Amino acid sequence: MIDGYRFRLLVAGAVLAALGGCASGPAHQTISPLPGPRAKGQARVGDLPALPAAGSGRGGYYQDDGPGDNPPEDLWEVPDAVVKAEPLNPRANRPYVVFGQTYTPITDNSPFTQRGVGSWYGKKFHGQRTSSGELYDMYKMTAAHPTLPIPSYARVTSVVTGKSVVVRINDRGPFHSSRIIDLSYTAALKLGLLGAGSHEVEVERLIPGQTDLWAARRDAAPAETSAASPQIAALMLQDQPLDDAGAAAKAPATAQDVSAPKSGFFLQLGAFSSAARANEVQARLARHGGVLAQLEVVQAGAVYRLFCGPFNTRRDADLAGDTLPVALHLKPIIVRR
């Protein structure tokens with residue numbers, strides 16, 4: 001059970017959320033806001049969707065929440081959270097009760113995937129204490145989840161837009177109907193759900209030291225790929241066979257044969273346990289042309305990653321991802337090298 005003070009705050013936030021109908025804000029502690037603006041300047045005109053002002057009672061968020069007045073510039077360039085090992089916060093990972101429902105946070109390294117409605121929270125909670133004790137910054141890549149460990153990391157993929165981001169879980173919530181995760185303003189921006197306020201997402205926990213291994217296992221066998229990586233499975237089913245038995249061999253036999261990896265922003269299209277598998281997918285994708293003509297396989301330990309790029313900015317990579325053939329069902333991850 002959580003302490004009485006935190007429990008009262010959680011219940012108060014949950015009650016407000018339930019009354020709001022479109023509420024996205026989880027229960028957060030109230031303290032003094034972050035001091036002053038933290039960015040060099042205002043976001044470029046046209047980069048951000050037009051949203052009703054905070055406190056207007058309109059928009060896909062709770063009536064007194066909403067966007068900030070002066071968002072930082074280049075929010076599209078904010079990098080995804082970097083998955084790393086961190087000690088769990090003892091207080092933030094105790095079982096707790098809200099609205100009569102008991103939530104038991106995960107405290108081990110068990111895998112976790114979930115699909116449901118994702119929402120976002122903003123100005124109302126900016127600068128207030130999260131369940132981790134840290135101050136909430138709506139312009140960082142963070143999120144609130146009812147049971148994922150604090151801190152931990154998750155890949156959130158929009159079922160609507162196909163975009164993915166990696167966020168750090170440092171808060172609890174949401175406690176409203178079927179919503180499963182509350183994203184920061186910037187994470188919601190990059191997923192394409194700011195204007196709608198919420199839409200369906202898939203949440204996959206990322207565990208330090210295991211992320212690449214899991215990705216490799218997913219793509220190691222056709223049966224596993226069909227279940228866990230629909231974009232690659234669809235590629236293999238919809239694409240025609242290679243023109244000849246040596247087509248895959250025309251790609252580098254191993255990632256070491258590739259020249260020194262270029263730097264910039266890339267679309268990571270897959271991670272494989274063998275160079276042959278990575279090269280086969282590279283050959284199949286390259287035939288579609290467009291941005292897929294810029295493919296390379298890079299080895300990282302026992303994992304072979306397939307990248308598309310490079311692109312000068314994260315925004316350029318994001319736009320390139322929008323041009324990928326819909327029929328391939330690709331869900332790229334933007335990375336910087």
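The coordinates are above.
Summarised in this report is the structure supplied together with it. Model, not experiment: these values are computed from the prediction. (Residues numbered from 1 in each chain as written. Predicted model: local features only at pLDDT ≥ 70, side-chain atom pairs only at ≥ 80, totals over all residues. Heavy atoms only, no water.)

Examining the overall build of the protein
Spelled out, the test is: Strands are runs of DSSP state E lasting at least 2 residues, helices are runs of H or I lasting at least 4, and numbering of each runs from the N terminus. For the exposure calls, accessible area comes from a 1.4 Å probe over protein chains only, and a residue counts as buried if that area is under 20% of its type's maximum, exposed if over 50%, partly exposed in between. Here, two residues are considered to be in contact whenever any of their heavy atoms come within 4.5 Å of each other. In these tables, accessible area is a Shrake-Rupley quantity obtained with a 1.4 Å probe, and a residue counts as shielded only by the protein chains included in the view.
What the protein contains, in helices and strands, is seven helices and twelve strands. Out of the 337 residues belonging to the protein, those deemed buried represent 50%. Pairs at least 24 apart in sequence give 76% of the contacts found in the protein among residues at least 6 apart. For the protein, the computed accessible surface area is about 15,100 Å², with 56% contributed by carbon and sulfur atoms.

Observations regarding helix α6 (residues 275-286)
To keep it simple, the criterion reads: For a helix, the expected span equals 1.5 Å multiplied by the residue count minus one.
With twelve residues, α6 ought to run about 16 Å at 1.5 Å a step, and its terminal C-alpha atoms sit 16 Å apart, in line with that. In terms of burial, α6 is a largely internal element, nine of the twelve residues being buried. All buried positions along α6 are accounted for by A275, R277, A278, N279, V281, Q282, A283, R284 and L285.

Examining helix α7 (residues 314-322)
Every α-helix winds through 3.6 residues per turn, so residues three or four apart in the chain are directed the same way. We apply this condition: The directions from the helix axis to the C-beta atoms form the arc being described.
Among all positions of α7, only R314, A317, D318, A320 and G321 are buried. On an axial view of α7, the arc spanned by its buried residues comes to 160°, and they lie on one face.

Details of the nonpolar core
Quick reminder of the rule: Think of a nonpolar core as a cluster: buried Ala, Val, Leu, Ile, Met, Phe, Trp, Tyr and Cys residues, connected wherever their side-chain atoms sit within 4.5 Å.
Ranked by size, the top nonpolar core spans 35 residues in total, and within it V156, V167, I181 and L183 carry the most contacts. Among the secondary structure elements, those contributing two or more residues to this core are β4 (142-144), β5 (152-158), β6 (164-171), β7 (179-183), α2 (185-191) and β8 (198-206). Counting residues per element, this core draws most heavily on α2, which supplies five residues. Apart from residues lying up to four places away in sequence, L183 is in contact with S119, W120, Y121, Y136, T142, A143, V156, V167, A188, L191 and L193.

Examining the packing of aromatic side chains
Two aromatic rings are characterised by how far apart their centres lie and by the angle between their planes. Defined as follows: Each pair of aromatic rings taken from Phe, Tyr and Trp, with Trp reduced to its six-membered ring, is defined by centres within 6.5 Å and is described as stacked if the planes are under 30 degrees apart, edge-to-face if over 60, and tilted in the remaining cases. Remark: a charge is flagged as sitting over a ring if the NZ atom of Lys or the CZ atom of Arg is within 6 Å of the ring centre and within 35 degrees of the ring normal.
In total, this model carries eight aromatic pairs according to the counting rule given. With a centroid separation of 5.6 Å and 80° between ring planes, the pair formed by W120 and Y185 is classed as edge-to-face. Remark: Y185 occurs in helix α2 and W120 occurs in strand β3 (residues 113-120); sequence separation between them is 65 residues. Taken as a pair, W120 and Y185 share a single burial class, namely buried. In this structure an aromatic cluster arises from ring pairing among Y96, Y103 and F175. Geometry around W76 places R315 over its ring, the cationic atom sitting 4.2 Å from the centre.

Thoughts on the environment of S274
Heads up, the rule is: Think of a polar contact as two N or O atoms within 3.5 Å of one another; within protein, one of them needs to be a possible hydrogen donor and the other a possible acceptor, and neighboring residues in sequence only count if both atoms come from side chains.
Tracing the sequence through the fold places S274 in the loop between β9 (265-272) and α6. Overall, the relative accessible area of 29% leaves S274 in the partly exposed class. At a separation of 3.2 Å, a polar atom in the side chain of S274 contacts the main-chain amide nitrogen of R277.

A short note on the pairing of β7
Filter applied, for reference: DSSP calls a pair of strands paired once it identifies at least 2 bridges connecting them.
Of all five residues in β7, five are buried; the element is thus mostly enclosed. The sheet contact formed by β4 and β7 spans two bridges and is antiparallel. The residue bridging A143 from the neighbouring strand is L183, located in β7.

Focus on the side chain of D182
In plain terms, the rule: In this tally, Asp and Glu contribute negative charge and Lys and Arg positive charge; neither His nor the terminal groups of the chain are included. Each reported salt bridge corresponds to a side-chain nitrogen of Lys or Arg within 4 Å of a carboxyl oxygen of Asp or Glu.
With respect to the helices, strands and loops of the structure, D182 is situated in strand β7. No salt bridge is formed by the buried D182; the nearest opposite charge belongs to R179, separated by 5.7 Å. Polar side-chain contacts of D182 include one of 2.5 Å to the side chain of S119.

Section: the pattern of salt bridges
Counting across every chain of the model gives nine salt bridges. Across the salt bridge formed by D318 and K163, the nearest N and O atoms sit 3.3 Å from each other. On the criterion of sequence distance, the pair formed by D318 in helix α7 and K163 in the loop between β5 and β6 is long-range, its members being 155 residues apart. K163 matches D318 in its accessibility class, with the two residues each being buried. The salt bridge involving R284 is made with E280; its shortest N-O contact spans 3.2 Å. A residue pair is termed a helical-turn pair when its members lie 3 or 4 positions apart in one helix, as R284 and E280 do in helix α6 at four residues. Each member of the salt-bridge network shares a partner with another, and the members are K163, R315, D318 and D322.

Let's talk about the environment of L206
With respect to the helices, strands and loops of the structure, L206 is situated in strand β8. C-alpha of L206 to C-alpha of V83: the two residues are 123 residues apart in sequence and 7.2 Å apart in space.

Some details on the sheet that holds β8
We apply this condition: Helix axes use the C-alpha atoms of the stretch in contact, all axes being lines fitted to C-alpha atoms, and the angles between their N-to-C directions lie in the range 0 to 180 degrees.
Spatial ordering of the closed barrel is given by β3-β7-β4-β6-β5-β8, a layout of six strands whose pairing is mixed. Each neighbouring strand pair of the sheet contributes to a mean axis angle of 45°, computed without reference to strand direction.

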